[in-house]
Amino acid sequence: GIRPLRAGSTQTAVPAPNLPFFTAALSLVFHPSNPHAPTVHMNVRYFEIDVPNGQRVWWFGGGSDLTPKYLYEEDATHFHSTLAAAANRFDPRYYPAYKQWADRYFNLPHRGNERGGVGGIFFDYFGATGDDKSFGHGKTPSQALEFVA
């Protein structure tokens, strides 16, 4: 049957069976043995779908989060300021929006709305802009982790 596929801010109707696609993803988790060093997670992903009209729809997603066993405010502040600096290179509206998305994602209602760690950023459906901006933005979590680690 036909089902909607979200790609960026548009809805594209595509046939569900036999849809040509390509995906690539990288997910990294750093679990240090020192309990005073926080666990850090980062992932980036890329999707490409060939729709029946011959158009190729593609987008990036990803994010990063910090989960300390023992909270040190300076670590959380540094982590978030580094993510903000990486996202703000593209648009100053990105970090607040992506942080809010991550805050919703890492809220755990089954644990009385407990949050998982100190949050981070999350984004998805970041589509083609006609230049290298989308690819560069897709690398934001990994570029931020270079400075956080």
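Residues numbered from 1 in each chain as written. Predicted model: local features only at pLDDT ≥ 70, side-chain atom pairs only at ≥ 80, totals over all residues. Heavy atoms only, no water.

Since there are 3.6 residues in each turn of an α-helix, residues three or four apart along the chain are aligned in direction. Compared with an ideal rise of 1.5 Å per residue, which puts 16 residues at 22 Å, helix H1 (residues 73-88) spans 22 Å between its outermost C-alpha atoms and is within 8% of the ideal. The set of residues buried in H1 consists of Ala76, Phe79, His80, Thr82, Leu83, Ala84, Ala86 and Ala87. (Helix = DSSP H or I, 4+ residues; strand = E, 2+ residues; numbered from the N terminus. Expected span 1.5 Å × (residues − 1). Buried < 20%, exposed > 50% of the residue type's maximum accessible area, 1.4 Å probe, protein only.)

Attention now moves to helix H2 (residues 94-105). Its twelve residues give H2 an end-to-end C-alpha distance of 16 Å, which sits within 8% of 16 Å, the value for a rise of 1.5 Å per residue. Within H2, burial applies to Tyr94, Tyr95, Tyr98 and Ala102. Buried positions in H2, seen along its axis, are confined to an arc of 85° and lie on one side of it. (Arc of directions from axis to C-beta.)

On to the pattern of salt bridges, then. The tally for this structure, following the rule as stated, stands at five salt bridges. Among the ionic pairs, aspartate 103 bridges to lysine 99, the shortest N-O distance being 2.8 Å. Of this pair, aspartate 103 and lysine 99 both sit in helix H2, four residues apart, roughly one helical turn. One network of salt bridges, with partners in common, ties together Glu48, Asp50 and Arg56. (Salt bridge = Lys/Arg side-chain N within 4 Å of Asp/Glu carboxyl O.)

One finds Tyr94, Tyr95, Tyr98 and Phe126 to be the most contacted residues of the largest nonpolar core, which totals 17 residues. Of all the secondary structure elements, the ones that give two or more residues to this core are strand S4 (39-50), strand S5 (56-67), H1, H2 and strand S8 (120-127). Looking at this core element by element, the count peaks at five residues for H1. Counting five residues, the second largest nonpolar core, distinct from the first, contains Ile49, Val51, Val57 and Trp59. (Core = buried A, V, L, I, M, F, W, Y, C linked by side-chain atoms within 4.5 Å.)

By the secondary structure assignment, aspartate 65 is in strand S5. Here aspartate 65 is buried and forms no salt bridge, its nearest opposite-charge partner arginine 45 lying at an N-O distance of 9.6 Å. When sequence neighbours within four positions are dropped, the list of residues in contact with aspartate 65 reads Thr39, Val40, His41, Phe79, Phe106, Gly119 and Gly120. (Lys, Arg positive; Asp, Glu negative; His and termini not counted. Contact = heavy atoms within 4.5 Å.)

The next point concerns the packing of aromatic side chains. Enumeration over the complete set of coordinates arrives at eight aromatic pairs. When the ring of phenylalanine 47 is compared with that of tryptophan 59, the centres are 5.2 Å apart and the planes differ by 20°; the resulting orientation is stacked. Of this pair, phenylalanine 47 sits in strand S4 while tryptophan 59 is found in strand S5, placing the two residues twelve residues apart along the sequence. On the accessibility criterion, tryptophan 59 (4% relative accessible area) is buried. Among the aromatic side chains, those forming a connected cluster through ring pairs are Phe22, Tyr46, Trp58 and Phe60. (Phe/Tyr/Trp six-rings, centres within 6.5 Å; stacked < 30°, edge-to-face > 60°.)

Bringing the side chain of glutamate 48 into the picture now. If you trace the backbone, glutamate 48 turns up in strand S4. Since its relative accessible area comes to 18%, glutamate 48 is described here as buried. A distance of 3.5 Å separates polar atoms of two side chains, one belonging to glutamate 48 and the other to arginine 56. The residues contacting glutamate 48, other than those within four sequence positions of it, are Pro20, Phe21, Phe22, Arg56, Val57 and Trp58. (Polar contact = N/O pair within 3.5 Å; in protein donor to acceptor, adjacent residues only side chain to side chain.)

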